[in-house]
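Geometric and topological summary
Chain by chain, the residues run as shown.
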Amino acid sequence: MGKKLTAKGAATRNRIIEGAAEVVRDRGVAFATLEDVMTRTRASKSQLFHYFPAGKDELLLAVARYEAGQVLEDQQPYLGRLDSWEAWRQWRDVVVDRYETQGDRCPLGSLFLQVGRATPGARAIVVELMDQWQASLSAGIRSLQAAGHLPAGVDADQRAAALLAGIQGGVAILQSTGRSCHLRAALDQAIDDLRRLAPR
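The text that follows walks through the structure, step by step, so that each part is easy to find. Keep in mind that what you see is a predicted model, and the values were worked out from it rather than measured.

Criteria and cut-off values
Residues numbered from 1 in each chain as written. Predicted model: local features only at pLDDT ≥ 70, side-chain atom pairs only at ≥ 80, totals over all residues. Heavy atoms only, no water. Helix = DSSP H or I, 4+ residues; strand = E, 2+ residues; numbered from the N terminus. Buried < 20%, exposed > 50% of the residue type's maximum accessible area, 1.4 Å probe, protein only. Areas by Shrake-Rupley, 256 points an atom, 1.4 Å probe, with all protein chains shown as cover. Axes fitted to C-alpha atoms, helices over the stretch in contact; angles between N-to-C directions. Parallel < 35°, antiparallel > 145°, perpendicular 65-115°, else oblique. Contact = heavy atoms within 4.5 Å. Nonpolar A, V, L, I, M, F, W, Y, C, P; charged D, E, K, R; others polar. Core = buried A, V, L, I, M, F, W, Y, C linked by side-chain atoms within 4.5 Å. Phe/Tyr/Trp six-rings, centres within 6.5 Å; stacked < 30°, edge-to-face > 60°. Lys NZ or Arg CZ within 6 Å of the ring centre and 35° of its normal. Salt bridge = Lys/Arg side-chain N within 4 Å of Asp/Glu carboxyl O. Expected span 1.5 Å × (residues − 1). Arc of directions from axis to C-beta. Polar contact = N/O pair within 3.5 Å; in protein donor to acceptor, adjacent residues only side chain to side chain.

Looking only at helices and strands, the protein chain has 9 helices and 0 strands in total. By residue count, 39% of the 200 residues in the protein chain fall in the buried class. Carbon and sulfur atoms make up 51% of the accessible area of the protein chain, which totals about 10,700 Å².

Have a look at this one:
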């Protein structure tokens, strides 16, 4: 929205987005209606179009941004403190558990199929998510370097990029086949490769 919201207005808008996210998860994006959202959030039609003047597509983009934030939020506090090998193991377990629980139902992917990745703002949401995720992984590798667990010459950004690519590939296979072994292998291999670089 272009205009700045009051605290109450922002809270109402967030409530609508979170309620819409629940509806999309429950019913699937193709079957979620604005009426479902109004019922779930107790919002009137005028309220809905006050905060989302362009209607359903604008609301779905807001839900996509919310779901993208949840991808990172669900990995906390581990993603934010990857400063030991034990912390990396805990983070790895959280990532695997998140995607195994989600299975082949990816609310974020479904949202982008509905609104289209070419929709203004949609690609930016994906780019922002991947940039933040990679930056957190890079920071974790640098934390290991600062603690003396990795040599200073390890390229943190390149390792983080490869790790993120492995995760995304593993998740894509899980969503296609229902099998998480590839995601587990990608994470385990990447972390094992890092540990092999640790000073003896």
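Below, the discussion takes up the packing of helix α4 (residues 56–73) against helix α7 (residues 122–146). At a minimum axis separation of 10 Å, α4 and α7 run at an interaxial angle of 10 degrees. Between α4 and α7, the interaxial angle falls into the category roughly parallel. Judged by residue contacts, Leu61, Ala64, Arg65, Ala68, Val71 and Leu72 of α4 engage Ala122, Ile125, Glu128, Leu129, Gln132 and Trp133 from α7. Taken together, the residues of the contact of α4 with α7 sort by class into 9 nonpolar, 1 polar and 2 charged.

One broad rule of soluble globular proteins: the nonpolar side chains tend to lie buried together. Among the nonpolar cores identified, the biggest contains 57 residues, and Trp88, Trp91, Trp133 and Leu137 are the most heavily contacted of them. Among the elements that line this core, the one with the most residues is α4, at 9 residues. Dropping the residues within four chain positions of it, Trp133 is found in contact with Val71, Leu72, Gln75, Leu79, Trp91, Tyr99, Leu164, Ile167 and Gln168.

That bond from Gln76 to Pro77 is cis: its omega, 5 degrees, falls within 30 degrees of zero. Here Pro77 lies in the loop between α4 and α5 (85–102). With phi around 60 degrees, Arg42 is a residue other than glycine that occupies positive phi space. Checked against the element boundaries, Arg42 lands in the loop between α2 (34–41) and α3 (45–51).

For any pair of aromatic rings, the description rests on two quantities: the centre-to-centre distance and the angle between the ring planes. By the definition in use, this model includes 1 aromatic pair. When the ring centre of Tyr99 is taken as origin, the NZ or CZ atom of Arg98, which lies over that ring, is 5.0 Å away.

So, on to the environment of Pro199. Its place among the elements puts Pro199 in the segment after α9 (181–196). Placed 49 residues apart in sequence, Pro199 and Leu150 show a C-alpha to C-alpha distance of 6.4 Å. Those residues in contact with Pro199, other than ones at most four positions away along the chain, are Gly148, His149, Leu150 and Pro151.

Within the secondary structure layout, Val94 lies in helix α5. Here Val94 is in contact with Asp74, Gln75 and Tyr78, once residues within four sequence places are set aside.

Let's shift gears to the pattern of salt bridges. Side chains that differ in charge, positive against negative, can pair when their charged atoms come close. Within the structure shown, the criterion is met by 13 salt bridges. The salt bridge involving Arg92 is made with Asp188; its shortest N-O contact spans 2.8 Å. Here the residue Arg92 occupies a position in helix α5, and Asp188 occupies one in helix α9, the gap between them amounting to 96 residues. According to the relative accessible area criterion, Arg92 is buried, its value standing at 13%. A network of salt bridges, in which partner residues are shared, links Glu86, Arg89, Arg92, Asp93 and Asp188.

Turning next to helix α1 (residues 7–27). Compared with an ideal rise of 1.5 Å per residue, which puts 21 residues at 30 Å, α1 spans 30 Å between its outermost C-alpha atoms and is within 8% of the ideal. Buried within α1 we find Gly9, Thr12, Arg13, Ile16, Ile17, Gly19, Ala20, Ala21, Val23 and Val24. Just beyond α1, the residue with positive phi is Gly28, at close to 90 degrees.

Another point: α9. Under the 1.5 Å per step criterion, the end-to-end length of α9 is 22 Å for 16 residues, consistent within 8% with the ideal 22 Å. Along α9, the positions that sit buried rather than exposed are Leu183, Leu187, Ile191 and Leu194. The buried residues of α9 all sit within an arc of 55 degrees when viewed along its axis, so they share a single face. Elements in contact with the buried residues of α9: α5, α7 and α8 (156–177).

Engagement of the side chain of Arg92 in a polar contact is seen with the side chain of Asp188, the distance being 2.8 Å. Arg92 has contacts with Arg184, Leu187, Asp188 and Ile191, leaving out every residue within four places of it along the chain.

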